[in-house]
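Coordinate inspection notes
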Amino acid sequence: MFAHRPLRRLAIRVSWTSSSSLLLLLAISGLAILALVFLATVWAGKESDAAALDRQRSLVNSRLQDQVRRVSQDIQLMGAGFTSLQVADSASAAAGRAGVSSTEAFGKIATTVFGYNAAFLVTAHGELALQSDAETARRFRWVRPLLQPMISDLEATQSSGSHLSNDDEKPSRVELMRLEGRPSIAGVIAVAGSAPVDGAKISDAKRLYLVAFRFLDGATLDMLSREQGLARARYARTADQEHNEVAFQIEATATGEPIGFIIWTPDLPGSRVIGRLVPVLSVAGLVIAVLFFALMARLRLSLSRLSASEYNARHLSLHDVLTGLPNRAMFATRFQQCLGDLKLSGGSAVLALIDLDKFKDVNDSYGHPAGDELLRGVVARMNALIGASDTLARLGGDEFALILAGANEADGGHIVLCNKIIEALSKPFELRGGDTTVRIGCSIGIVSFNKTSDGESEIFRRADVALYEAKSSGRGCLKEYQASLDHRVEARESLKKDLRLVLQDREFGLDETEAFHFHDAGHLEVFFQGVHPASDWDRLTGAEALVRWRHPVHGLLSPDRFIPIAEEADMMDQLGEWVLRNAALAAASWPPEMLLAVNVSPSQLRHRGFDNRVLSVLSEAGLTPSRLELELTEAAFFDIDEQAQATLGRLRDHGVQIVLDDFGTGFSSLSHLIHLNIDRIKIDRSFVSLLGTKAEGAAIVSAILGLSRTLGKATTAEGVETEGQRDFLIAAGCHDLQGFLLSRPVPSVEFSASILLADKKPVAGR
Ligand code: C2E
Ligand code: CA
Ligand code: CA
């Protein structure tokens, strides 16, 4: 798993960079679009501002021109008015009436009716044509130099007669100029004035001129700004506008010199639009930035979640869920890694295969939750012993593998460790909150390897061979692989082949003499061991059929040698049936009271129609079902399902008796004992052997006997070897005895002969 970690990190980094750069690209694109919109708006705004400004300027200009035109018209009207006033004056004078002077009237009309700031009647020489008050005279003196060129110009036109082209209009001049320090429009018109009006002063000039002017600032500017919608319009002598104002330069008509500025705050629609758009764009930009960061954070979060779930999935795919240990897949990786390391750096390592003994019994007796609890307990004990560099993996069920990476074959440290594991696992385990205590154990097969060793599968095979050896040599032990073990495996394989041959012959009903083989595999035989009544152990109540294999090479093989092979190779069914048939045939010739006990494997029971086969074999042999006892070990009972239990029930209904064999070796539980449909309990010989050797032996055997008595079951003690054992069992109330002391297993013929020869009277009805 550790080897995958950098890979995982790399994958996450790659997806992080690709996703984040995509997001970044999106964010940049968004911002770029915003920037483009902004620039376009600014450009359009500036353009429209410039257009608006031009428009405003030209409007101001045209308004100014309007004003000038108005003054032209006004001055004409004033000129005409003045002339008619003069005519009236002359008439009044001629009639001897005193009227209002036309000059006074003119002044009033100009300032009040036409709204001019000042009006004068002057001679062609530029002098006031009438006596005025001091104020008027002072004002005129002040403006006279500025107005004089206009008058002179008009005078010159008049004299040249060029004005005669238009009879209706009197010659006049209108100009923009600065008067009294203020921008003004001044108008001058020639009026007829051949005679002095009031006689106060007689001028040389023949003509008189009306002069009137109006300031452009003040009321006129107010009107202008009102009409044109100029915001905060003001007049200034110099262009001192603020940055947000514009100045329109008023030029003197005559000289073209600036006479002042109209300053106002222009209406700039473009800037207004920009001003409104900027907050909108800023908000949009901000939203994009916030979205970007939020998405980045989200991305980071989901990537880390993804990596966590990926890590979990990977962990699950490489680990055993129950114990958290590496599983078979990860074990394979570590194993390869270890071999790779050895190839690089040399040294040696050890592979240990660990198989729990009797684990299945715990599972069967107490259920899977208890089995799971036990496995966790087993792993905890092993983990406490192994080092950090070692790999403990669960290969399945109750099989474990341990790689001791740095183990050195010579120092034997691995042997010490494996023995510690065996010792640790042989101690009792408390399950179900302390309600149940179980004892299991383990067998370990180990193999050392280095860079010169053959491939993984060969190393594993060797460890497996060693484990098999450990298991077959009584369990709870450790075996190291040696080449000689291979021979045993070969021998076992060869036995398997032979057994198949032997059973084939049986199947086709061939006799030893009829069967032809290139190599002789020998034949099976049924031995019988007598079962004796405790009350009269000299006699027989029956016999147990014990299979033997007379092998041409290996001699007489005991069932312990080949029954496991038959189980392994799925041949137990055939073998069992062969024993039953031959035993029944033999028993049929025994005295009718004698019982026949036959051992049955769970695999036989699982076979559908087992009951019918048994019954048909019995009828073929001519043995009544009530004379048959089927012996099943405790483990076998727990190994069968309800269907097999029903099969046993049907056989029992036909009178076949069911015996619980090897009682005490499994996980004898009282509840099981009560619920099982059994007729007899056989006390295992390991308990019987305790009698006379260990103090607790007597107590255990007495307890078992008491229990079966209470449950109403018959009892047989097996493995009775000493007189002391025999006497104790008799005294303790055991029903039947079996053991070398009383009789040994002997071939069928010998057993039958012994019945006749010894004239031992069998005891009927055990
Ligand atoms: P088991 O059913 O417990 O059979 C009794 C075993 O104890 C026999 O070993 C017998 O020879 C041995 N024995 C009898 N008296 C004594 C004694 O006083 N001391 C000692 N130490 N041993 C004694 P065997 O014949 O080697 O059978 C071994 C096991 O093989 C049997 O144990 C039984 O489980 C199995 N077996 C034998 N025949 C068959 C068979 O036909 N079918 C099946 N399924 N299993 C069989
Ligand atoms: Ca038996
Ligand atoms: Ca037994």
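All values derive from a computational prediction rather than experimental measurement.

About the thresholds
- Residues numbered from 1 in each chain as written.
- Chains lettered and ligands numbered in written order.
- Predicted model: local features only at pLDDT ≥ 70, side-chain atom pairs only at ≥ 80, totals over all residues.
- Heavy atoms only, no water.
- Helix = DSSP H or I, 4+ residues; strand = E, 2+ residues; numbered from the N terminus.
- Buried < 20%, exposed > 50% of the residue type's maximum accessible area, 1.4 Å probe, protein only.
- Areas by Shrake-Rupley, 256 points an atom, 1.4 Å probe, with all protein chains shown as cover.
- Patch = residues over 30% accessible without salt bridge, like charges linked within 9 Å, V, L, I, M, F, W, Y side chains within 5 Å.
- Salt bridge = Lys/Arg side-chain N within 4 Å of Asp/Glu carboxyl O.
- Phe/Tyr/Trp six-rings, centres within 6.5 Å; stacked < 30°, edge-to-face > 60°.
- Lys NZ or Arg CZ within 6 Å of the ring centre and 35° of its normal.
- Donors = N, O, S within 2.8 Å, 3.2 Å for Na, K, Ca; no water.
- Pairing = 2+ DSSP bridges.
- Axes fitted to C-alpha atoms, helices over the stretch in contact; angles between N-to-C directions.
- Contact = heavy atoms within 4.5 Å.
- UniProt positions renumbered as here; feature names shortened; annotations may be inferred.
- Near = heavy atom within 4 Å.
- Polar contact = N/O pair within 3.5 Å; in protein donor to acceptor, adjacent residues only side chain to side chain.
- Nonpolar A, V, L, I, M, F, W, Y, C, P; charged D, E, K, R; others polar.
- Parallel < 35°, antiparallel > 145°, perpendicular 65-115°, else oblique.
- Left-handed = near helix turned anticlockwise from the far one by under 90°.

**Let's talk about the overall build of the chain**
On a plain count of helices and strands, the chain comes out with 22 helices and 24 strands. Of all 766 residues assigned to the chain, the portion counted as buried reaches 45%. Just so you have it, the chain exposes about 38,100 Å², and 56% of that area is on carbon and sulfur atoms.

**Description of a nonpolar patch on the surface**
A cluster of nonpolar side chains, contributed by V283, V287, L291 and L295, occupies part of the molecular surface with about 340 Å² of accessible area. Looking at where L291 falls in the secondary structure, it is placed in helix α5 (residues 269–318). Take L291: its relative accessible area is 48%, and that puts it in the partly exposed class.

**Focus on the packing of aromatic side chains**
Under the defined criterion, the tally for this structure stands at 11 aromatic pairs. Residues F292 and F293 carry aromatic rings whose centres are separated by 5.2 Å and whose planes lie at 65 degrees to one another, so their mutual orientation is edge-to-face. With a centroid separation of 5.6 Å and 85 degrees between ring planes, the pair formed by W549 and F562 is classed as edge-to-face. On the criterion of sequence distance, the pair formed by W549 in strand β16 (residues 542–551) and F562 in helix α12 (residues 559–568) is long-range, its members being 13 residues apart. You'll find W549 and F562 in the same group, each marked buried. In this structure an aromatic cluster arises from ring pairing among F120, F140, F213 and F215. Geometry around Y468 places R492 over its ring, the cationic atom sitting 3.0 Å from the centre.

**What to know about the coordination of the calcium ion (ligand 3)**
The calcium ion (ligand 3) binds to the protein through D661 (OD), D662 (OD), E718 (OE) and E718 (OE); the donor distances cover 2.2 to 2.5 Å. Mapped onto the sequence, the donors of the calcium ion (ligand 3) take the spacing D-D-x55-E. In this structure, the calcium ion (ligand 3) is positioned 3.8 Å from the calcium ion (ligand 2), and both are ligated by D661. Judged by its relative accessible area of 6%, D661 is buried.

**Here's the deal with the sheet that holds strand β7 (residues 258–265)**
The strand order across the open sheet built from three strands is β5-β7-β6, with neighbouring strands paired in antiparallel fashion. Strands with a single pairing partner mark the edges of an open sheet, and in this sheet they are β5 (231–236) and β6 (246–251). This sheet shows a mean twist of 20 degrees between the axes of neighbouring strands, independent of strand direction. Lying over the sheet, helix α4 (residues 219–228) contacts β5 and β7, oriented at roughly 150 degrees with respect to β5.

**Digging into the UniProt feature "transmembrane region" (unreviewed entry) in the chain**
Following the UniProt record, one finds the feature "transmembrane region" (unreviewed entry) at residues 277–297. Along residues 277–297, the helical share is 100% and the strand share 0%, with 30 Å between the first and last C-alpha atoms.

**Some points on the pattern of salt bridges**
For the coordinates displayed, the defined rule picks out 34 salt bridges. A salt bridge links K427 to E423; the shortest N-O distance between them is 3.9 Å. One salt bridge in this structure joins R488 and E469, with 2.0 Å as the shortest N-O distance. With R488 in helix α11 (residues 483–507) and E469 in helix α10 (residues 456–472), the pair connects residues that are 19 residues apart, well separated along the chain. Judged by its relative accessible area of 46%, R488 is partly exposed. Using a relative accessible area of 6% as the deciding quantity, one classes E469 as buried.

**Topic: the site of ligand 1**
Taken together, 23 residues form the shell around ligand 1, and within it Q529, R548, R685, E721 and F740 come nearest. Contacts to ligand 1 include R548, whose side-chain N or O atom sits 2.9 Å from an oxygen atom. One nitrogen or oxygen atom from the side chain of E721 is found 2.5 Å from a nitrogen atom belonging to ligand 1. Relative to its free-state accessible area of 790 Å², ligand 1 is covered by the protein chains to the extent of 86%. Contributing elements (two or more residues each) for the shell around ligand 1: β16, α12, α13 (572–587) and β20 (657–663). Among the elements that line the shell around ligand 1, the one with the most residues is β16, at four residues. When its residues are assigned to classes, the shell around ligand 1 shows 10 nonpolar, five polar and eight charged.

**Some points on the packing of α13 against helix α15 (residues 610–621)**
In contact at an axis separation of 8 Å, α13 and α15 are set at 30 degrees when each is read in the N-to-C sense. In terms of their interaxial angle, α13 and α15 are classed as roughly parallel. Both α13 and α15 take part in a crossing whose hand is right-handed. Taken together, the residues of α15 that come into contact with α13 (itself represented by D573, E577, L580, R581, A584 and L585) are R613, V614, V617, L618, E620 and A621.

**Quick look at the side chain of T436**
Here T436 shows up in strand β12 (residues 436–438). Discounting chain neighbours no more than four positions away, the residues touching T436 are Y366, F429, E430 and L431.

**What about the coordination of the calcium ion (ligand 2)?**
Bound to the calcium ion (ligand 2) on the protein side are E544 (OE), N599 (OD1), E631 (OE) and D661 (OD), at distances that span 2.1 to 2.4 Å. Each donor residue of the calcium ion (ligand 2) lies on one chain, and together they are spaced E-x54-N-x31-E-x29-D.

**Observations regarding the sheet that holds strand β14 (residues 478–480)**
With respect to topology, five strands assemble into an open sheet ordered β9-β10-β8-β13-β14, the strand pairing being mixed. For this open sheet the edge positions go to β9 (391–396) and β14, each flanked by a neighbour on one side alone. When strand polarity is set aside, the average angle formed by the axes of neighbouring strands in this sheet is 20 degrees. Pairing geometry for β9 and strand β10 (residues 399–404), over five bridges, is antiparallel. When the sheet's bridge partners are listed, R394 is paired in β10 with F400. Here helix α8 (residues 368–385) sits on the sheet in contact with β8 (348–357), β9 and β10, set at roughly 15 degrees to β10. Helix-sheet contacts for α10 involve β8, β9, β13 (441–450) and β14, and the interaxial angle to β13 is about 150 degrees.

**So, the pairing of β8**
Most of β8 sits out of view: 10 of its 10 residues are buried. Because side chains alternate across β8, one face comprises the buried residues S348, V350, A352, I354 and L356, and the other comprises A349, L351, L353, D355 and D357, equally buried. Sheet topology places β8 next to β13; 10 bridges connect them, and they run antiparallel. In the strand pairing of β13, S348 is matched with N450. Where β8 and β10 come together, six bridges link them in antiparallel fashion. Across the sheet, L353 pairs through a bridge with A401, a residue of β10.

**Details of unusual backbone geometry**
If a residue is not glycine, its phi is most likely negative; likewise, a peptide bond is most likely trans. Residues other than glycine seldom take positive phi values, yet R432 does so here, at roughly 50 degrees. Among the structural elements, R432 can be located in the loop between β11 (429–431) and β12. The backbone phi angle of D570 is positive, close to 65 degrees, even though this residue is not glycine. Residue placement: D570 occurs in the loop between α12 and α13. Taking the relative accessible area as the measure of exposure, D570 reaches 68% and is therefore exposed.

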